[in-house]
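Next come the chains, spelled out residue by residue.
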Amino acid sequence: MGIFPQVSRAWLTIDSDIYLWRYEDGGDLAFFDGLGDTILNVCLVTPKPGILQSHIKYLLCLATPVEIVLLGVSFTTPQGGPTEEIHLLPEPLFSLPCEQLVTKSLQGTACGRIFMGGKDGCLYEFCYQSQEGWFGKKTRKINHSSGALSWIMPSLLGLAEEDSILQMEVDDSRNILYTRSEKGSLTMYDLGANGQSLEKIVSVSAQKLLEESSRLAATVETNNLRPIIHIAAVSSQEDDNIHLIALTSGGSRLYLSTRNPNENNPNARPYCLKLLHVRLPPGFSPSAPPQKPTKVHSGYYKSGLSLLASSPAEAADVLWLIWNGCLPPGGQILMESHSVVPVEGHTWSIGEVNTESKLVNLYRNSYNGRDPPSAVIQHCAPSRQLVVLSAQGSILISALRPVDCLRQLLIECGGPDAEAVKVYFSLQGAEQAVATSLILATSQAIMDRQVAEWSFRALLLYGGEPRLVYSGSQGFPTSSAYQGSQAGFPTGFQSPQGFPGNVTGFPMYQSPSQYHPSSGKDMYQLSSPGGPGYVSSPPQTTFHPNLMSTPAPGNPQGGGYSYPPTQQGGFHHPLPELQFSARHNGIYLYISRILRPLWSSPLISGPGDQPRSIVSGSELESIIGQLHCLKMFLERNANLSAGAAGDQQQHAPGQLSSTQLSQQRGQQDALLREKQSMMLLRQLVAHSLQVLGLWMVVVDHQVDLVLAHLSNDNKNLFRQLLLRDIVVSPTGREICCSLVECLIQRYLGDSATTDAISAKLREVCPGLYRAEDAASSKAHELLLAAAQTNKPSDRDRMVKEAVSIAKQIAGSLRLEVLVSHLTAVHAYTSVVEICLAAASKKDPQGLAVHFYTTGQNADDSTGMAAYRARTDCYRHCTNMLKTLLTSSNNIPTSPSVPKSPGPPPAADPSHLAPAQASEWAEEVFRLMLSSEDEIMHATLYQWLIDNRYTDRLLGVQSPYLENFLKRGIAQHPDQLDLFDIIWKYYEKNGQYFLAAKILDKLSSRHSTELNLSSRVEYLSRAIMCVKSGEDGASSRGSGELLHHLEEKMEVARVQLMVLEASANIPAASGTLSRLNSDLLDITTLYQDWAEPYELWECKLAILATAGHHDPLLIQTIWTNIIDRELERLGACDGATKKTAISRKIESLGRLYLTSSKYFPLEFLVKKLELISCKEGGGDYQWVPLCLQHIGVDIPRLLDVYNRIYLTKEAVWLTAGDELHILRVLSSILTMFVESPSSVAAPDRRQFTVVCQDAVSAYLGELYMKQSHDTALMVNRFRDIQARLDRM
């Protein structure tokens, strides 16, 4: 008789027949009677993968004296049936002859291997394969105990005394096989890291185990430590150091390990079997009852739960149930309770019902692969059940959890007022008991209503009250229990957006204790030095949210639960510490247990292209259900933090002493702080519930398809975010909103209505998916439908409805998506309307306009945020306008040859012809300009400037444009474009005086972007603007400005001359940028350029501009000008030099002829005639002609030459021609007589008389000189005289 817990069946063999049935109700009987020999052993094993068909779930191994067979086991679910029915295949799948093998035990592994324990003490393996090979059959037997020489000396081996293998246990987590022999020897085999090999490691005899256990338990009789009647493997999920537990007939438990306990490598292969600890059965402690287990013949152990079957009498057994699951986690101390169950008849088999919770794997992962304590998962896992088979039938025994004990106490005592309930809270610890009470108090089952009410009363009665306490350690308790909890807790909750203040951290309990041998009198205590352990919360231990939580911004100490230190009279007053009530801490503890499986984990795993949720929909449903029950409980009991203190009588202040008043104020303050913490906790529960609800919707809609709509950045971020971050951080909220958008996008992408998903999201996460979000989804749905319809009337109706919805929720819309949908249906004007509505919704108080009009003060953060919100809305309008203008400029392409035969494809409805795009652009432009929002205008104007639409901007007729331009040049004085635009704006609108002032500023500003030519042009335009005004230059202001501008223009021209002259001088190349970047004064130009670089023409211009009269300096300048020109010509002939000098004199004479100060005519004539005399050549007219070309008339020339002649200077004789001046005079007179009209008619007669007198004087002088040259000159003058007489 035995039990198959994995299929919930019991079995019984009668001779060669085997029967299986459900041990819960005795139903579903199945049998097999195809064997001819008595069945010796039975085992249910997992088949090897890839050998059998998928409907074969298990193999039933039956061993007889003749053969060993494997039967196929399958299951079917009948229609309407609650459970599966088991079926045994009628024929064995595999059969293996025994060949003198008598089996005493069978055992299978998780990977499908089958081991057999022989009566001869050898370990065998049943190997099977799908087909027979060349060198092997389908089945074969391997003896793992025989050596290489066993076939040579079989007789010697046969002389050894037999020691049958009665029990085998496999640790599938470590791939280790343990065997127990009839004489109590323990043997360990290593199955290899992959479980496919086998190697015998060590065998420990019963005597050696007895000796080692006696040394550890020296005061205990050895009869209690022998013989070993059962062994149980301890999986790695339960403990790292303890690997095997052996039960003895006296009820003792021996804890063994396969490696040295000091090693920290859990993946190391086993190499020894060492006894670490002995734990005695109940009855050996001084306070224990005298009854204790005796004559234990069978047992069971798994995950801390032990069941011993003892036979004190032959007719009945007594079951001893020993475990620690009904007690709170005890830190480094292992506490256990025991119960005694009498059984009629002999106990044949013990097994555990497979009632593992669907959340246990999540909790195990949160404990780093360890089994979580029973108290931690009691809210989501059923109680453990053991099934015992005896001659009377099957007995189901439940191991009570703490919540089961509390329920039973409340029912038996009829309420929470009994002393037994109070003792329960004391034994469990108030915080642990409150967390347990919440499981019952939050239950929504109808049958639990009374128990839920009693549990609520119990946590009120025994949950304690908050208080302010003074301690020398300033709130840092030194008890070992709290130190352990502080080391074991992970980081608590951070202060999320929307949850002001400091949120108390949730303690997440760590993995189970690690067992190590102790020394001294406490040799039976289990400890875990240096490792994480269970965290107990004794009633006297204080819960410290200010230590367990992450500090809020601006509060580095993280709590704010202590008063500032004060000193009075030289004495130091200790700081009061807030000590929360056990009720408060228990609620936090319960919430931490609910959220623990997911709190510190990301929600997705798997490769990037195939993400999957780490939690299934059913698991999420379970967690959400518990959170929902807790949320309803907290909402029903909003004043839970008041506890029993609300019923205490409040005394008048006059009736209390100062100490009592201080205590009362401290109590009120503590209650207020605890109430604030509970309020934050309710917010946290509500938000966590919404986040998990949203994720459940995502899981229901296939995670990979939903996340495909996320951007790559958000995908990578989502993989890194833990649930904690998603719940409490702003980034997590953004991710949640993105998930909502992905869900909606999936429906819109499938052209499906969003009403159903919107209703679902509004139900599960109204804080993440508001009514505005649902309306937004509806608007998007209508626009997408409008884009697909071919009926203009339907399209217009849908667009109108969508725009109407969008205007109502414009403040919460994602405008970039909505704008894309509107432009797809050519609703361009609606984009402007919605953007205006969105800006108004986001800034209802008009803070942006105030911020804009007051100079955009950077300290006004609120106004700046409103301004940015508005400009972000209007940027969608300008982007759309840019797209339309770009489309209007596209050149239509010519028809192309179709790629495939048939009719031409339909035109794209979203495509716009250039003419249509231009019309829509103009309409959008007009609509934007018609807005009364100044920020809209400013955004549009700035966009026009950035995209160089200056002409469009200047054509705008708006009261906001001038202020925009003024504000622009005030805030950005370095941007020349704005200055250019504003003077053009003034000029275009007839405000010439203002335009001239702007141009004047532009010409004078220091900038490397402007060159000198541009500055001169600005001055020229400014002068034109002043002269073009209505008053011209008649008004005083305009006249002054005009005079100022003209003076600047003169200096600027000189500077331009200096620049042109300096450009040809290599030494002055480094100073050219200075001449271009500023307008300089006359003095600077003279001192820094004209004088150092000998710019003579520039010097002359500077003197003329400044009005400085220095005849000697001016004559020196003219001399250098002429001499430099002659130097430049070098060895050229005289005619070339005369021509070049004539051009230079003409160019400068036209500038300075009007001022005799700067054009010394007599000096220049003398200088030029000396050059002419020295050069010779017979050309006596080039100087007079040159001067005539620049405007010197003949009478003035005659006068100048006559004065030079009358001076009778000897320089002419030195120059080589004493009569040179007379020759030039004769030429001047000849020009007059040949062309009398060169002198004005009114002055001609008088000038003729002057000429006659001059000729007479010249002839008189010539008569006195007798030479060939004078004779010629006399003849010429006589001819001139005769011609003058005839005039």
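It should be emphasised that the depicted structure is a prediction, and the values quoted were computed from it without experimental measurement. (Residues numbered from 1 in each chain as written. Predicted model: local features only at pLDDT ≥ 70, side-chain atom pairs only at ≥ 80, totals over all residues. Heavy atoms only, no water.)

Peer 1: Tell me about the overall build of the protein chain, and please be specific about residues and values.
Peer 2: Broken down by element type, the protein chain carries 44 helices and 34 strands. Buried positions account for 48% of the 1287 residues belonging to the protein chain. Within the protein chain, counting contacts between residues at least 6 apart in sequence, those at least 24 apart form 61% of the total. Surface accessibility of the protein chain: about 61,600 Å² in total, with carbon and sulfur atoms responsible for 51%. (Helix = DSSP H or I, 4+ residues; strand = E, 2+ residues; numbered from the N terminus. Buried < 20%, exposed > 50% of the residue type's maximum accessible area, 1.4 Å probe, protein only. Contact = heavy atoms within 4.5 Å. Areas by Shrake-Rupley, 256 points an atom, 1.4 Å probe, with all protein chains shown as cover.)

Peer 1: Quick one: what's the story with helix α29 (residues 976–988), residue by residue and with numbers?
Peer 2: Relative to the 18 Å expected for 13 residues at 1.5 Å per residue, α29 spans 18 Å between its end C-alpha atoms, a close match to the ideal helical length. Leu-976, Leu-978, Phe-979, Asp-980, Ile-981, Ile-982, Trp-983, Tyr-985 and Tyr-986 are the residues of α29 that are buried. Gly-990 lies just past α29 and shows a positive phi near 80°. (Expected span 1.5 Å × (residues − 1).)

Peer 1: Which residues make up the packing of helix α38 (residues 1161–1175) against helix α39 (residues 1182–1189), and what are the values?
Peer 2: At their nearest, the axes of α38 and α39 sit 10 Å apart, and the two run at 145° to each other. Every pair of crossing elements has a handedness; the one defined by α38 and α39 is right-handed. When α38 is examined against α39, the residues Leu-1161, Val-1165, Leu-1168, Glu-1169 and Ser-1172 are found in contact with a partner set consisting of Trp-1182, Val-1183, Pro-1184 and Leu-1187. Residue composition of the contact of α38 with α39, grouped by class: seven nonpolar, one polar and one charged. (Axes fitted to C-alpha atoms, helices over the stretch in contact; angles between N-to-C directions. Left-handed = near helix turned anticlockwise from the far one by under 90°. Nonpolar A, V, L, I, M, F, W, Y, C, P; charged D, E, K, R; others polar.)

Peer 1: How would you summarise the pairing of strand β22 (residues 296–302) if you had to cite specific residues and measurements?
Peer 2: With five of its seven residues buried, β22 lies for the most part within the structure. The sheet contact formed by β22 and strand β23 (residues 305–310) spans six bridges and is antiparallel. Paired with Tyr-301 across the strands is Ser-306, a residue of β23. Turn length for the β22-β23 hairpin, with the two strands adjacent in sequence and antiparallel, is two residues, and the turn residue Ser-303 shows positive phi of about 50°. (Pairing = 2+ DSSP bridges.)

Peer 1: So what about the sheet that holds strand β26 (residues 347–352)? Which residues, and what values?
Peer 2: What the three strands build is an open sheet, ordered β26-β27-β28; its pairing is antiparallel. Only two strands of the sheet have a single partner each, and these edge strands are β26 and β28 (393–399). Direction aside, neighbouring strands of the sheet carry axes that sit 20° apart on average.

Peer 1: Can you break down the nonpolar core residue by residue, with the values?
Peer 2: Among the nonpolar cores identified, the biggest contains 99 residues, and Leu-692, Leu-694, Trp-695, Phe-718 and Leu-761 are the most heavily contacted of them. By residue number, the principal contributor to this core is helix α13 (residues 658–700), which donates 13 residues. Met-798, Ile-809, Val-819 and Trp-943 belong to the second largest nonpolar core, which has 87 residues in total. (Core = buried A, V, L, I, M, F, W, Y, C linked by side-chain atoms within 4.5 Å.)

Peer 1: Go over the pattern of salt bridges with me, naming the residues and quoting the values.
Peer 2: Oppositely charged side chains are able to pair whenever their charged atoms sit close together. Scanning all chains against the criterion turns up 48 salt bridges. The partner of Asp-448 in a salt bridge is Arg-407, and the shortest N-O contact between them spans 2.9 Å. On the criterion of sequence distance, the pair formed by Asp-448 in the loop between α7 (430–441) and α8 (449–462) and Arg-407 in helix α5 (residues 402–413) is long-range, its members being 41 residues apart. Across the salt bridge formed by Lys-1137 and Glu-1175, the nearest N and O atoms sit 3.8 Å from each other. Here the residue Lys-1137 occupies a position in helix α37 (residues 1134–1152), and Glu-1175 occupies one in helix α38, the gap between them amounting to 38 residues. Salt bridges here are not isolated pairs; linked through shared partners, they connect Arg-253, Arg-279 and Glu-336. (Salt bridge = Lys/Arg side-chain N within 4 Å of Asp/Glu carboxyl O.)

Peer 1: Break down the packing of aromatic side chains for me, with residues and values.
Peer 2: Summed over the entire model, instances satisfying the criterion amount to 19 aromatic pairs. Between Phe-126 and Tyr-128 the ring centres are 6.2 Å apart and the planes differ by 90°, which places this aromatic pair in the edge-to-face class. Tyr-128 matches Phe-126 in its accessibility class, with the two residues each being buried. Relative to Phe-1159, the ring of Trp-1118 has its centre 5.5 Å away and its plane inclined at 85°; by these criteria the two rings are edge-to-face. With Trp-1118 in helix α36 (residues 1111–1129) and Phe-1159 in the loop between α37 and α38, this residue pair connects regions lying 41 residues apart in the sequence. We classify Trp-1118 as buried; its relative accessible area is 0%. The structure contains a cluster of three or more aromatic residues connected by ring pairs, namely Phe-94, Phe-126 and Tyr-128. Here the guanidinium or amino end of Lys-48 rests over the ring plane of Tyr-128, the centre of that ring lying 4.8 Å away. Its guanidinium or amino end placed over the ring of Tyr-367, Arg-596 lies 3.7 Å from that ring's centre, counting from NZ or CZ. (Phe/Tyr/Trp six-rings, centres within 6.5 Å; stacked < 30°, edge-to-face > 60°. Lys NZ or Arg CZ within 6 Å of the ring centre and 35° of its normal.)

Peer 1: Lay out unusual backbone geometry in plain terms, naming residues and giving numbers.
Peer 2: Here Arg-226 and Pro-227 are connected by a cis peptide whose omega angle stands at -15°. Note that Pro-227 resides in the loop between α2 (206–216) and β18 (228–233). Despite not being glycine, Asn-175 shows a phi value in the positive range, around 60°. Along the chain, Asn-175 falls in the loop between β14 (165–171) and β15 (176–181). Positive phi is not limited to glycine here, since Gln-856 has a value of about 55°. The residue Gln-856 is located in the loop between α23 (847–853) and α24 (861–888) in this model.

Peer 1: Explain the environment of Leu-225 to me, using residue names and the numbers behind them.
Peer 2: Tracing the backbone shows Leu-225 in the loop between α2 and β18. In contact with Leu-225, other than residues within four places in its own chain, are Leu-210, Ser-213, Ser-214, Thr-248, Ser-252, Val-278 and Leu-280.

Peer 1: Before we move on, could you go through helix α6 (residues 419–428) and cite the residues and values that matter?
Peer 2: Here α6 has its buried residues at Val-421, Tyr-424, Phe-425 and Gln-428. The buried residues of α6 occupy an angular sector of 95° when projected down its axis, which confines them to one face. Exposed and facing more than 90 degrees away from the buried side of α6 are Glu-419, Ser-426 and Leu-427. On its buried face, α6 is in contact with α5, α7 and α8. One or two residues past the end of α6 sits Gly-429, with phi positive at roughly 95°. (Arc of directions from axis to C-beta.)

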